[in-house]
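Residues per chain, in single letters:
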Amino acid sequence: EAQVTQNPRYLITVTGKKLTVTCSQNMNHEYMSWYRQDPGLGLRQIYYSMNVEVTDKGDVPEGYKVSRKEKRNFPLILESPSPNQTSLYFCASSDRVLNEQYFGPGTRLTVT
Amino acid sequence: EDKVVQSPLSLVVHEGDTVTLNCSYEVTNFRSLLWYKQEKKAPTFLFMLTSSGIEKKSGRLSSILDKKELFSILNITATQTGDSAIYLCAGSSWNQGGKLIFGQGTELSVKP
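A quick note: this is a predicted structure, and the numbers were derived from the prediction, not measured. (Residues numbered from 1 in each chain as written. Chains lettered and ligands numbered in written order. Predicted model: local features only at pLDDT ≥ 70, side-chain atom pairs only at ≥ 80, totals over all residues. Heavy atoms only, no water.)

## Observations concerning the overall build of chain B
Within chain B, the secondary structure is distributed over 0 helices and 11 strands. Reading chain B from its N terminus to its C terminus gives the helix and strand order β-β-β-β-β-β-β-β-β-β-β. Against the 2.2 N^0.38 benchmark of 13 Å for 112 residues, chain B shows a C-alpha radius of gyration of 14 Å, consistent with a compact globule. For chain B, the C-alpha atoms occupy an extent of roughly 45 × 25 × 20 Å along the three principal directions. In chain B, which comprises 112 residues, the share counted as buried stands at 48%. Of the contacts made within chain B by residues no fewer than 6 positions apart, 56% connect residues no fewer than 24 positions apart. For chain B, the exposed area adds up to about 5,400 Å²; of that, 50% sits on carbon and sulfur atoms. (Helix = DSSP H or I, 4+ residues; strand = E, 2+ residues; numbered from the N terminus. Rg over C-alpha atoms; globule rule 2.2 N^0.38 Å. Buried < 20%, exposed > 50% of the residue type's maximum accessible area, 1.4 Å probe, protein only. Contact = heavy atoms within 4.5 Å. Areas by Shrake-Rupley, 256 points an atom, 1.4 Å probe, with all protein chains shown as cover.)

## Points about the environment of Ser62(B)
All names here are of chain B. With respect to the secondary-structure elements, Ser-62 resides in strand β7 (residues 61–66). Along the primary structure Ser-62 and Ile-76 are separated by 14 residues, whereas in three dimensions their C-alpha atoms are 6.7 Å apart. When residues no more than four places from it in sequence are discounted, the contact partners of Ser-62 are Phe-47, Lys-56, Lys-57, Ile-73, Leu-74 and Asn-75.

## Concerning the packing of aromatic side chains
Counted by the stated rule, this structure contains 10 aromatic pairs over all chains. Here the aromatic rings of Phe103(A) and Tyr36(B) are separated by 5.3 Å at their centres, their planes lie at 90°, and the arrangement is edge-to-face. Remark: Tyr36(B) occurs in strand β4 (residues 30–38) and Phe103(A) occurs in strand β10 (residues 102–103); the pair is interchain, linking two chains. Phe103(A) sits in the buried class, given a relative accessible area of 10%. Between Tyr36(B) and Phe45(B), the ring centres sit 5.9 Å apart and the planes meet at 75°, which makes this aromatic pair edge-to-face. (Phe/Tyr/Trp six-rings, centres within 6.5 Å; stacked < 30°, edge-to-face > 60°.)

## Section: the pattern of salt bridges
All names here are of chain A. Taken as a whole and judged by the stated rule, the model has 5 salt bridges over all chains. Notably, a salt bridge pairs Arg-36 with Asp-38, separated by 2.8 Å at the nearest N-O pair. Residue classification places Asp-38 among the buried positions, given a relative accessible area of 11%. Between Asp-38 and Arg-44 there is a salt bridge whose closest N-O contact spans 2.9 Å. With relative accessibility at 22%, the residue Arg-44 sits in the partly exposed group. (Salt bridge = Lys/Arg side-chain N within 4 Å of Asp/Glu carboxyl O.)

## Some points on the sheet that holds strand β3 (residues 19–26) of chain B
Residue and element names in this part refer to chain B. Spatially, 5 strands are ordered β1-β3-β8-β7-β6 in an open sheet, and the strand pairing comes out antiparallel. Either end of the sheet is taken by a strand with one partner, and the two such strands are β1 (3–7) and β6 (55–58). Neighbouring strand axes in the sheet, compared pairwise and without regard to direction, differ in orientation by 15° on average. Where β7 lies against strand β8 (residues 71–76), 6 bridges are found, and the strand directions are antiparallel. (Pairing = 2+ DSSP bridges. Axes fitted to C-alpha atoms, helices over the stretch in contact; angles between N-to-C directions.)

## Examining the sheet that holds strand β7 (residues 65–66) of chain A
Residues and elements named next belong to chain A. Taken together, the 4 strands give an open sheet; going across it, the order is β1-β3-β8-β7, and neighbouring strands pair in antiparallel fashion. The open sheet has two edge strands with one neighbour each: β1 (4–7) and β7. Of the pairings in the sheet, the one linking β7 to strand β8 (residues 76–78) comprises 2 bridges and is antiparallel in character. If you follow Val-66 over to β8, its bridge partner there is Leu-76.

## Some details on the interface of chain B and chain A
Listed as interface residues are 18 residues of chain B and, on the opposing side, 19 residues of chain A. Between chain B and chain A, the buried area comes to about 1,600 Å², and carbon and sulfur atoms account for 57% of it. Inspection of the chain B/chain A interface yields 0 salt bridges. The interface formed by chain B and chain A holds 3 residue pairs in polar contact (both at pLDDT 80 or more) in total. For the side of chain B that touches chain A, the leading source of residues is β4(B), giving 5 residues. In terms of residue class, the side of chain B that touches chain A is built from 9 nonpolar, 6 polar and 3 charged. (Buried area = accessible area lost by both parts, 1.4 Å probe. Polar contact = N/O pair within 3.5 Å; in protein donor to acceptor, adjacent residues only side chain to side chain. Nonpolar A, V, L, I, M, F, W, Y, C, P; charged D, E, K, R; others polar.)

Shown next as C-alpha cells:
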C-alpha cells in the first residue's frame, strides 16, 4: 500500500530535550516536506526537499533541522524544543511531475 | 508574497444542500491549485487543477479553476453528514519545488 508513515504519532516532552520525528514514504517520491498545523494559522511549511541531499527552508524553519540521506526518509529534528513548537506536524511527499502531495498521519507534539 | 485565501471560513448546511467553497490565490509562477479534505486526521487529496486542466469532477464533488481571475471553487452537491470536514486549498509554484501555500481552510458542517 502506498503510504507516508510518521513516528511517533504522539509525543510529550520537556523544553530542551532533543527529539526526532521520522518520516518515510514508499512511493519513490522525489519531493518531501514537513508542515506544522496550528489553530488559526493553517498549514505552514517548515522544510522541504526536492531530492536526496537537497533541502531548503520553508516558511517557518527556525528551531528545526532536516536531513535527506535516503530518498524514502526525511526526519525532522528539534535540537532544543520549546513550548512554541507544540503543534501538529505532517510529513508529505509527491513526485516531481504531478506534485499531488500525500500526507502522513500526523504527529502531535507537546513541549512543556 | 504568495498567498491563498479561502472563504467562507466556516459553513453550516443541511443534508442535501449544495455548497460552494471559494479559493483565491496569488502565487508567483503558478503551477497548480490543489484541494484537500481534512477530517480529524491528515489531509486527503481531492483534486489538482493546472493551467491546462481547469475542471475536475468526482462523484458529487467538482472543482474549477479560473486562471484569469485567479480563483477556484469546490462544489459539493447533495451534501451528506460525511462531507463534514475542513476543506483546504493550496497553491504550488514552479519556483519552489514541492512547496504548497495553504489557505486557512473552510470548515464545513453538514447537519442531518
